[in-house]
Amino acid sequence: MSRSRLKKYLTPQYVLITALILLVFSLIGLLLLDPIFAAKPQKISYSASSESGPSELEASFYPGKGDTAFLLCCPKDGFAHKAILRELLDSGYPVLVAKNPGFPYFLPETQVSFFETAVQELTAQSGIPENQQIWIGFHEGADTLLDEIVYGSKTAKAAALIAPTLNTQHVDDAIIVDGNYQNQSDWINSLSPDMVRQPMLLYTSNGDNIASPYQMTLLYNKFSTDTIIHVGGVYHASRNDVSLSITDASFHPLVPTHYQTIYELTSFINQTTDQTILQHSFLPRLRNILLFAAGIFLFVCLGCGVLIAPKYAPSISYGIPSPFTPEKKGKLFGILVLSWVFALIACPILWIFCKNADSPLFLTLAFTLLCLLGCIILFSKLFGVPVLHRFKPLKTSWKRTLFCSGLEIGLILLMLFYLWLFYPWTFSGYASNATALLICAASVLLIYLSLRLEEPLKPKDNLPLRVALYAVFLLPMIFLLLVFSILLGNTAAFCCLVYGVMLVLHFLLMKILIALNDRDIVLGCYIPFWASAIFFCFV
């Protein structure tokens, strides 16, 4: 009796409703636990001198109480500071987020001017002097903080450099002689412990390809007069008010869901100041749990939607011509495999041309996908095997069109909400990005192509062909993303993982849309199709 009841309530309809309710509660929990959502920062504009004249900079000030203030220095469009900003807002401290321009690169004297002006703004807004402030730099912001330490004159309560984008010409040129690093560049040899005017943390991870443990160890040795050599693994060192933390982080220490970054920073601040300024809170982990739970519930909703959608599809009164006839299926699989071979061969060649671009990984991926689609179209014409057929669309009601478009727009809004949690996206900044447009167009077309080829294989006796079709599309794509992840470091691995998740989400959603819209591109699919393209721009 219990089994029959279990089967009754484990239908796709019930699972969909349950997962949808849990998804909504997870998103509400993320909002309620996010102090940034309720905060009302003051937008500040200030001017600082540079080699080209006065430069206008922007900052956000979050009012608070306490005898300590925090300055978070990050790139203009940076997102890495958000996880730590949440902890500071939870604790009620005044915080100034200074957005220093990362491009073009400025001279060290200009970076010092930018930073010291931000320190003056924090003092003016909070009333807390600089010697009671804690400075934290992220990526290019950490480079600016490093310039302040080397060339500046101000002194803080503590400073932390988290994964600075170190210039390898300045740092990564030491050799090991008699068991010690022997530095060769003038810049790193100019560093000395006299420059350390406050307790300082140098933080990175073994998986960081931006600030490698090797580079951070060089900095630590010069600032602290220590002589350590990092040979891998988790490592902590401290000497002469300089601390080094190297953790076994996954992907990147500045991934917004990375709890270890917050833990290391909290421990450093409390130890160096002999105060419990920040508590080791469970909230970051709870936010991560809700974040991943919401993603799982979303996948469950879309998976159940794929199972339910065919029941609500309109009846079809015509046959669908199949390219998988006995005489053509061999050619079709040959075309797909040959196209992937050409695309994978072209990938390293494309990388050579794109490696000096602003986004070499994404640009190479975009051109590789376009190469794949071009090869499929070219070989299908050469071998006389039409990959896609144009069908006579059936009329679809405006309600069905509106519902399908709503599904797609809902997914886009949900993904934009996810991005808002971490990344300060703007419509003008990303929708106009040519690389994103190329990736989104190629990705959506590739998903649609796979779904159209799968359509004639719905009967159960075609299951082996369906598995083979999925393998032809999936295995080379997984191989391509793995190669990018291994060769280009953990930051690229995280980007490839996010891209792979987006592909799966849109595959499931377009599968639902095609099932609800007469199994063809009709009026109801045009809007979701281009909405998909817009979504990929933001991702």
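Quantities reported herein were computed from a predicted structural model and do not represent experimental measurements. Along every chain, residues carry numbers that run from 1 in the direction the sequence is written. Restriction of local features to residues with pLDDT of at least 70 applies here, the model being predicted, together with a cutoff of 80 or more for giving and counting side-chain atom pairs; totals for whole chains, interfaces and linings are based on all residues. Side-chain calculation: all heavy atoms of the structure are included, whereas hydrogens and water are not.

## Some words on the overall build of the protein
Then comes step 1: Along the backbone of the protein there are 18 helices and 11 strands.
Then comes step 2: Note that accessible areas follow from Shrake-Rupley with a 1.4 Å probe, and for residues the cover is restricted to the protein chains shown. Of the roughly 25,600 Å² of accessible surface on the protein, 64% is carried by carbon and sulfur atoms. Starting at the N terminus, helices and strands are each numbered in turn, a helix being any DSSP run of H or I of at least four residues and a strand any DSSP run of E of at least two.

## Brief notes about helix α8 (residues 213–224)
Then comes step 1: Here α8 contains 12 residues, and its C-alpha end-to-end distance of 16 Å stays within 8% of the 16 Å for a straight helix at 1.5 Å per residue.
Then comes step 2: Think of it in three bands: with a 1.4 Å probe and only protein chains considered, a residue is buried below 20% of the maximum accessible area for its type, exposed above 50%, and partly exposed in between. Among the 12 residues of α8, 11 are classified as buried, and the element is accordingly described as predominantly covered.
Then comes step 3: Every buried residue of α8 is accounted for by Pro213, Gln215, Met216, Thr217, Leu218, Leu219, Tyr220, Asn221, Lys222, Phe223 and Ser224. A helix's residues, less one, multiplied by 1.5 Å, set its expected span.

## Let's talk about unusual backbone geometry
Then comes step 1: The residue Asp241 is not glycine, and still its phi comes out positive at about 70 degrees.
Then comes step 2: Following the sequence through the fold, Asp241 ends up in the loop between β10 (235–239) and β11 (242–247).
Then comes step 3: On the basis of relative accessible area, Asp241 is assigned to the exposed category, the value being 52%.
Then comes step 4: Non-glycine residue Asp274 carries a positive phi angle of around 55 degrees.
Then comes step 5: Tracing the sequence through the fold places Asp274 in the loop between α9 (259–273) and α10 (283–308).
Then comes step 6: Its relative accessible area of 71% is what places Asp274 among the exposed residues.

## Focus: the environment of His139
Then comes step 1: Relative to the helices and strands, His139 is located in the loop between β5 (133–138) and α6 (140–151).
Then comes step 2: Residue His139 is classed as buried on the basis of its relative accessible area of 17%.
Then comes step 3: Measuring from C-alpha to C-alpha, the distance between His139 and Pro164 comes to 4.2 Å, with 25 residues separating the pair along the chain.

## Considering the state of the cysteines
Then comes step 1: Working definition: a disulfide is two cysteine sulfur atoms within 2.5 Å of each other. Applying the stated rule across the entire model yields zero disulfides.
Then comes step 2: In this structure Cys304 is a free cysteine whose sulfur lies 7.0 Å from that of Cys301, the closest cysteine sulfur available.
Then comes step 3: A relative accessible area of 8% means that Cys304 is categorised as buried.

## Brief notes about the packing of helix α12 (residues 360–382) against helix α17 (residues 490–516)
Then comes step 1: To get an axis, a line is fitted to the C-alpha atoms, and for a helix only the part in contact is used. The angle between two axes follows their N-to-C directions and goes from 0 to 180 degrees. Interaxial distance between α12 and α17 falls to 11 Å at its minimum, and their mutual angle equals 40 degrees. Accordingly, the angle class assigned to the pair α12 and α17 is oblique. For the pair α12 and α17, the sense of crossing is right-handed. Mapping the contact onto sequence places Leu361, Phe362, Leu365 and Leu369 in α12 and Ala492, Cys495 and Tyr499 in α17.
Then comes step 2: Lys, Arg, Asp and Glu make up the charged group, whereas Ala, Val, Leu, Ile, Met, Phe, Trp, Tyr, Cys and Pro make up the nonpolar group; the residues left over, Gly among them, are polar. When the residues that make up the contact of α12 with α17 are grouped by side-chain class, the tally is seven nonpolar, no polar and no charged. Any angle from 65 to 115 degrees is called roughly perpendicular, while one under 35 is roughly parallel, one over 145 is roughly antiparallel, and all others are oblique. Here a crossing is called left-handed whenever its near helix is offset anticlockwise from the far helix by less than a right angle, and right-handed whenever the offset is clockwise. Throughout, a contact is declared for two residues whenever any of their heavy atoms are within 4.5 Å.

## A word on a nonpolar patch on the surface
Then comes step 1: The grouping of Val337, Leu338, Val341, Phe342, Ile345, Ile349, Ile352, Phe353, Leu378, Leu382 and Phe383 at the surface amounts to a nonpolar patch, some 1,100 Å² of accessible area in total.
Then comes step 2: For the nonpolar patch, the leading source of residues is helix α11 (residues 329–354), giving eight residues.
Then comes step 3: You can see Leu338 is positioned in helix α11.
Then comes step 4: For Leu338, a relative accessible area of 31% gives the class partly exposed. Here the term patch refers to residues with relative accessible area over 30% and no salt bridge, with like charges joined within 9 Å and nonpolar side chains (Val, Leu, Ile, Met, Phe, Trp, Tyr) within 5 Å. Salt bridge, as applied in this entry: a Lys or Arg side-chain nitrogen positioned within 4 Å of an Asp or Glu carboxyl oxygen.

## Some points on the environment of Ser238
Then comes step 1: Along the chain, Ser238 falls in strand β10.
Then comes step 2: Put simply, Ser238 and Met200 are 38 residues apart on the chain and 9.6 Å apart in space, counted from C-alpha to C-alpha.
Then comes step 3: Sequence-distant contacts of Ser238, that is, excluding residues within four places in its chain, are made with Tyr220 and Ser243.
Then comes step 4: Polar contacts here mean pairs of N or O atoms no more than 3.5 Å apart (in protein, one a potential hydrogen donor and the other a potential acceptor; neighbouring residues in sequence count only if both atoms are side-chain atoms). Within polar-contact distance, the side chain of Ser238 engages the side chain of Ser243 at 3.4 Å.

## Overview of the nonpolar core
Then comes step 1: We define a nonpolar core as any set of buried Ala, Val, Leu, Ile, Met, Phe, Trp, Tyr and Cys residues linked to one another through side-chain atoms lying within 4.5 Å. Ranked by size, the top nonpolar core spans 74 residues in total, and within it Phe70, Leu71, Ile136, Leu202, Leu219 and Phe223 carry the most contacts.
Then comes step 2: The biggest single contributor to this core is strand β3 (residues 69–75), with six residues.
Then comes step 3: Apart from the residues lying within four places of it in its own chain, the contact partners of Ile136 are Phe70, Leu71, Leu72, Cys73, Ile84, Leu145, Ala160, Ile162 and Leu265.

## Remarks on the packing of helix α4 (residues 82–91) against α10
Then comes step 1: The N-to-C vectors of α4 and α10 enclose an angle of 125 degrees; their axes lie 11 Å apart at closest approach. When the axis of α4 is compared with that of α10, the two are oblique. Where α4 crosses over α10, the handedness of that crossing is right-handed. Across the interface between the two elements, Arg86, Glu87 and Asp90 of α4 pack against Leu283, Pro284 and Arg287 of α10.
Then comes step 2: In terms of residue class, the contact of α4 with α10 is made up of two nonpolar, no polar and four charged.

## Topic: the confidence of the model for the protein
Then comes step 1: Counting all residues, the mean pLDDT for the protein is 76, and 75% of those residues have values of 70 or more.
Then comes step 2: The low-confidence segment residues 173–179, where pLDDT is below 50, has 17 contacts with residues more than four positions distant or belonging to other chains.
Then comes step 3: Known as pLDDT, the predictor's confidence for each residue is given on a scale from 0 to 100. Contacts of residues 518–539 to residues separated by more than four positions or lying in other chains number 74 contacts, the stretch itself having pLDDT below 50.

## As for the packing of aromatic side chains
Then comes step 1: Here is the rule: rings of Phe, Tyr and Trp (six-membered ring for Trp) pair when centre to centre is within 6.5 Å. Planes less than 30 degrees apart are stacked, more than 60 are edge-to-face, and the remainder are tilted. Overall, the coordinates contain five aromatic pairs when judged by the stated rule.
Then comes step 2: Every member of this aromatic cluster is reached through a ring pair, and the members are Phe342, Phe379 and Phe383.

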